[in-house]
Amino acid sequence: MGKKSNKNKENHMLYFGGKDWGVHEEALDLGRSTLAETIFAQANGYIGTRGTHEEGITGNPTSTEGTYLNGLFVRDPYNYPENAHAFATHNNKIIQVPNGKAICVSADSETFLPGESVMEDYSRHLDFQTGLMERSLIWSTTSGKRLKIASRRLVSLNNLHLLAIEYQITAENFDGGAQIESCLDAAYGAGEVDPDDPRVGHLSITKSLVKKEEKAEEGASSYLHQIKDSDVIIRSATSETLQGTTPVRSHVLKEKGRLGTRYEMTLKQGQPVTLTKFITYHHGVAGEEDTLASRAADTLKAAQKTGFAHHAVTQQQKLAEFWSGADVTIDGDPQLQQGIRFNLFHIYQSAGKDGRSNIGAKGLTGPGYDGHYFWDTEIYIIPFFVYSYPEVARSLLEYRYSILDKARERARQMSYAKGALFAWRTIGGEECSAFFPAGTAQYHINAAVAYAIRQYLQATQDWDFIGKFGAEILWETARIWMGLGHFNPRKGGQFCIHAVTGPDEYTAMVDNNFYTNAMARQHLRTALEVAVHLKKHDRKCYDALVEKLCLEESELALWKKAEENMYLPYDKELGINPQDDTFLDKPRWDFENTPTENYPLLLHYHPLVIYRHQVLKQIDVMLAMVLLGEQFDADLKRRNFEYYDPITTHDSTLSTSMNSVACSELGLYDKAYQYFEESVRMDLDNRHRNTEYGLHTACMAGSWMTVVLGFGGMQIRDDKPNFNPYLPGKWPSYSFSVRFRESRVHVAVSSKEVVYTLTDGGALEIAHGGKPLKLAPGKPVTVPLAATEHAA
């Protein structure tokens, strides 16, 4: 494996339990509580909320409360001591909204507070099949009274504007008074963060939102906020009911930044009292205040009418539908089984599903990277949805179309007369990277979007999407390569691209980055293929787009010339592809004398120090070998792997999963398995020591790729799925499903055979090891697994 792999592993494995269908903790560990807030996060693609306790916590200064709305952001200006043309002017920071989870209980003038109060029988569980987070404990007051506190929480996958909580208290050994206080908190703070870590986000609800209206009455609270320097408004509202007792008194609370109700009651021993609370969030633009108020009221009214139990049932039904097509089973290793399901659960939760939002590098689980969207979506996450739930993949691609005008603006800022350049990191579409060598210089973002469109089209044949959105994205972004590169007479007239940064951010601003050039070639090829198809099969659509974009035939001819003459660096002496024109001229990094604590390098060395050496943050050349595998032969892939693997730190969580896929194809089964183990529990084991700030969604999706594309050997060849599976030596069996066109095939691999079963749709032709197989409904096809198809 690479030089630094696995050095940052911490043993959280036992702490978060080993259940196949959930994560579990049986003790409140303040040292891990911020991590647990991320692990137990819940979302639905619009609302995301961290797994914090309703009552808050004490004793951990890094505890980070957070409820977020996907796609909403505040523009925060950058102030450069030395500015330059076209530097990013503003950051986009994901919006934190009022916390409706806030509930606390008191008895004998003592308030229960996790981390301070005496607790027994504590347990908390997040279930991947039900979507519920459940917590149970017994609180012992200083006077000896014992109260059982049990709560259930969900973020509805059926109503994207709804969060629900059921909070129950039971007097275990007394009759007497108690109080429950339920609030909508618009003044919560952020936990302490490392200001020197560029991966950590710095969010503040009070610096992002301006209060326009507040209202509180018994059992109901609401806020209207406006995002600073924006016309976007947000309505947050709660509605609750108390069952099991008649409150002696209730008081409406209006404190600074907090609205709610305090209920005073008399408990009877053994008789539970249940607070059911619904929270809703809606957003719009100034002038829609009444509309949002009406929508919020309707959401809460409907939720109260059906009750928490109904939402729990429909949540489980929605997840059953998801798992029927997305589940990956691993026999013989419950820790890895837990890991892969944890990953897929969180990807599904966090993905935007409305065509106007995307999925952040941290999902909706924490403040890391300020909630930004990156190329992670197109290269790592969309493939999972393409072959599991293509409707979500389409929504994520439609988001790119929604910000295409912003990409056009960015292209003009960067001195391109035509075309569109997507921002390296963004929410609203503008470039938010203040460090252009590792931001704007990563022009391969355009190729990533094009690659995802190509992959989606291969799997779905959704030409409706292409006609409405995809072709315009492909052609506008393809134009940038013509402005960025040139036909270089010093390279025999080949098309060269200068001053760019590839996926490996430990090498920046280089000429002819191999990955960038290879992906640009594929981008141009895809753009031309779509043009040819539309011209032949949908001339009306083609002509309309050509007129809209002022696209000329001479441009298409130039794309073809560049695609056919793309320069891909190759060193004859070593028989490998140099990462760029000068990479091989640099000295190798001194790995032997680099202390373990100095990883990741980006936090301990100036970028220029790193740039001067042969050292990789993540795979670069090998990523092109994986994504464009059919274009390169096995011997070249092997030589590239043998050269680059020893100098790759894997300081990026995006690295190990793709390396695992490469190793599977090369027959390096032990290494493939090691890299899979590293990626599949990256967050559960906090292997990069920064999961506290949010999950690593690209790595999570990458773990799916290691199984399906790596162990399962799936590639699209000759317009059909081709499988070349093997069995990792430690497993008795594994299985996964793949959606292709209108059909879904289940692939089960065991020690003796592979069984292909069509579980949905009509007949489908696939291939096993290059040999065609025809699948029909109700007729599984079994293929023997040869001894050579077993890992040692």
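Residues numbered from 1 in each chain as written. Predicted model: local features only at pLDDT ≥ 70, side-chain atom pairs only at ≥ 80, totals over all residues. Heavy atoms only, no water.

Notes on the overall build of the protein chain
Inclusion rule: Runs of E in the DSSP output that reach at least two residues are strands. Runs of H or I that reach at least four are helices, and both are numbered from the N terminus. For the radius of gyration, the atom set is restricted to C-alpha positions; the globular benchmark scales as 2.2 Å times the number of residues to the power 0.38. Buried, partly exposed and exposed residues are distinguished by accessible area as a fraction of the type maximum, computed with a 1.4 Å probe on protein chains only: under 20%, between the cut-offs, and over 50%, respectively. Any two residues whose heavy atoms approach within 4.5 Å at even a single point are treated as in contact.
When you go through the protein chain residue by residue, the secondary structure sums to 18 helices and 29 strands. Its C-alpha atoms give the protein chain a radius of gyration of 27 Å, near enough to 28 Å, the size a compact globule of 792 residues would have. Overall, the protein chain is about 90 × 60 × 60 Å in size when its C-alpha atoms are taken along their principal axes. Here the protein chain, with 792 residues, has 62% of them falling under the buried criterion. Taking the intrachain contacts of the protein chain between residues at least 6 apart in sequence as the baseline, contacts between residues at least 24 apart amount to 68%.

Re the confidence of the model for the protein chain
Cut-off, in case you're wondering: pLDDT expresses how confident the predictor is about each individual residue, on a scale running from 0 to 100.
The share of residues in the protein chain with pLDDT of 70 or more is 96%, and the mean pLDDT across the chain is 95. The model gives residues 5-13 a pLDDT under 50, and that stretch makes 27 contacts with residues more than four places away or in other chains.

Observations regarding the nonpolar core
What counts is decided by this rule: Here, nonpolar core refers to any group of buried Ala, Val, Leu, Ile, Met, Phe, Trp, Tyr and Cys residues whose side-chain atoms link them within 4.5 Å.
Counting 177 residues, the largest nonpolar core has W375, I379, Y380, F385, W475, W559 and Y756 as its most contacted members. Top element by residues in this core is helix α9 (residues 463-484). It accounts for 12 residues. Apart from the residues within four sequence positions on either side, F385 is in contact with I347, Y348, A351, P390, V392, A393 and L396.

Considering the sheet that holds strand β4 (residues 67-77)
The line we're drawing: Strands were regarded as paired on the criterion that DSSP finds at least two bridges between them.
The strand order across the open sheet built from 4 strands is β2-β3-β4-β5, with neighbouring strands paired in antiparallel fashion. Of all the strands in the sheet, just β2 (42-43) and β5 (90-96) have a single pairing partner and so form its edges. Here strand β3 (residues 47-49) pairs with β4 via 3 bridges, running antiparallel. Directly across from I47, in β4, lies its bridge partner L69.

A look at the packing of aromatic side chains
Rules: Pairing of aromatic rings covers Phe, Tyr and Trp, the last through its six-membered ring, and needs centres within 6.5 Å; plane angles under 30 degrees mean stacked, over 60 mean edge-to-face, and all others mean tilted. Only lysine NZ and arginine CZ atoms are considered, and such an atom sits over a ring when it is within 6 Å of the ring centre and within 35 degrees of the ring normal.
Under the counting rule described, the total for this entry stands at 43 aromatic pairs. Between Y80 and F87 the ring centres are 5.1 Å apart and the planes differ by 65°, which places this aromatic pair in the edge-to-face class. Taking relative accessible area as the criterion, Y80 reaches 22% and is therefore assigned partly exposed. The positively charged end of R341 is found above the aromatic ring belonging to W21, 3.6 Å away from the centroid.

So, helix α4 (residues 334-350)
Stated formally: The span one expects for a helix is its residue count, reduced by one, times 1.5 Å. Distance and chemistry together define a polar contact, namely a pair of N or O atoms within 3.5 Å, with one atom able to donate a hydrogen and the other to accept it when in protein, and with adjacent residues in sequence counting only for side-chain atoms on both sides.
The terminal C-alpha atoms of α4 lie 24 Å apart, and with 17 residues this matches the ideal 24 Å at 1.5 Å per residue to within 8%. Where α4 starts, the residue carrying a side-chain oxygen 3.2 Å from the main-chain nitrogen of Q335 turns out to be D333.

Notes on the sheet that holds strand β27 (residues 764-768)
The criterion, for reference: Fitted lines through C-alpha atoms give the axes, limited to the stretch in contact for helices. The angle between two N-to-C directions lies from 0 to 180 degrees.
Strand order in the open sheet formed by 4 strands is β22-β23-β27-β28, with mixed pairing between adjacent strands. The open sheet has two free edges, formed respectively by β22 (715-717) and β28 (771-775), since each of these has just one partner strand. When the angles between neighbouring strand axes are averaged without regard to direction, this sheet yields 40°. Looking at chain direction, β22 and strand β23 (residues 720-723) are connected through 3 bridges and run antiparallel. Bridge assignment links R717 to a residue of β23, and that residue is K720.

Remarks on the environment of E214
As for its position among the elements, E214 is in strand β13 (residues 209-217). Residue classification places E214 among the partly exposed positions, given a relative accessible area of 31%. The spacing of E214 and H225 is 11 residues in sequence and 8.8 Å in space, taken between C-alpha atoms. Setting aside residues no more than four positions away along its own chain, E214 makes contact with S222, Y223, K254 and L259. A distance of 3.1 Å separates a polar atom in the side chain of E214 from a polar atom in the side chain of K211.

Some details on the side chain of D504
To be explicit about the condition: Neither His nor the chain ends is counted toward charge; the positive residues are Lys and Arg and the negative residues Asp and Glu. Only one rule defines a salt bridge in this text: a Lys or Arg side-chain nitrogen within 4 Å of an Asp or Glu carboxyl oxygen.
Along the chain, the position of D504 falls in the loop between β21 (494-497) and α10 (514-537). Within the buried core, D504 has no salt-bridge partner, and the shortest N-O distance to an opposite charge, that of K586, equals 7.7 Å. A distance of 2.7 Å separates the side chain of D504 from the backbone nitrogen of K617, its partner in a polar contact. In this structure, D504 is in contact with Q579, V615, L616, K617, Q618 and D620, ignoring residues within four places of it in sequence.

Focus on the pattern of salt bridges
Summed over the entire model, instances satisfying the criterion amount to 48 salt bridges. Here R258 makes a salt bridge to D185, at a shortest N to O gap of 3.6 Å. Placement of R258 in strand β17 (residues 258-267) and of D185 in strand β12 (residues 176-185) is noted, with a sequence separation of 73 residues between them. In this structure, R687 engages E678 in a salt bridge whose closest nitrogen and oxygen atoms are separated by 3.0 Å.

Considerations on the pairing of β28
Where β27 meets β28, 5 bridges bridge the pair, whose relative direction is antiparallel. Along β28, the bridge assignment pairs I766 with L773. Between β27 and β28, which pair antiparallel one after the other, the connecting turn spans 2 residues, and G769 there sits at a positive phi close to 60°.

Digging into the pairing of β27
Within β27, 4 of the 5 residues are buried, which leaves the element mostly enclosed by the surrounding structure. Bridge count for β23 against β27 is 2 bridges, and the pairing is parallel. The partner of F723 across the bridge, within β27, is H768.

Side note on the side chain of S182
Mapped onto the elements of the fold, S182 is located in strand β12. The class of S182 is buried, set by a relative accessible area of 1%. A distance of 2.7 Å separates the side chain of S182 from the side chain of E240, its partner in a polar contact. Apart from residues no more than four positions distant in its own chain, S182 is found in contact with A102, I103, E240, L259, G260, T261, L275 and K277.

A few points about unusual backbone geometry
Between Y599 and P600 the backbone carries a cis peptide bond, its omega angle lying at 0°. Its location among the elements puts P600 in the loop between α12 (553-564) and α13 (607-611). In this structure, S415 is a non-glycine residue whose phi angle is positive, near 75°. Within the secondary structure layout, S415 lies in the loop between α7 (404-413) and α8 (444-460). Even without being glycine, D718 reaches a positive phi, approximately 55°. Within the element layout of this structure, D718 appears in the loop between β22 and β23. A relative accessible area of 70% means that D718 is categorised as exposed.

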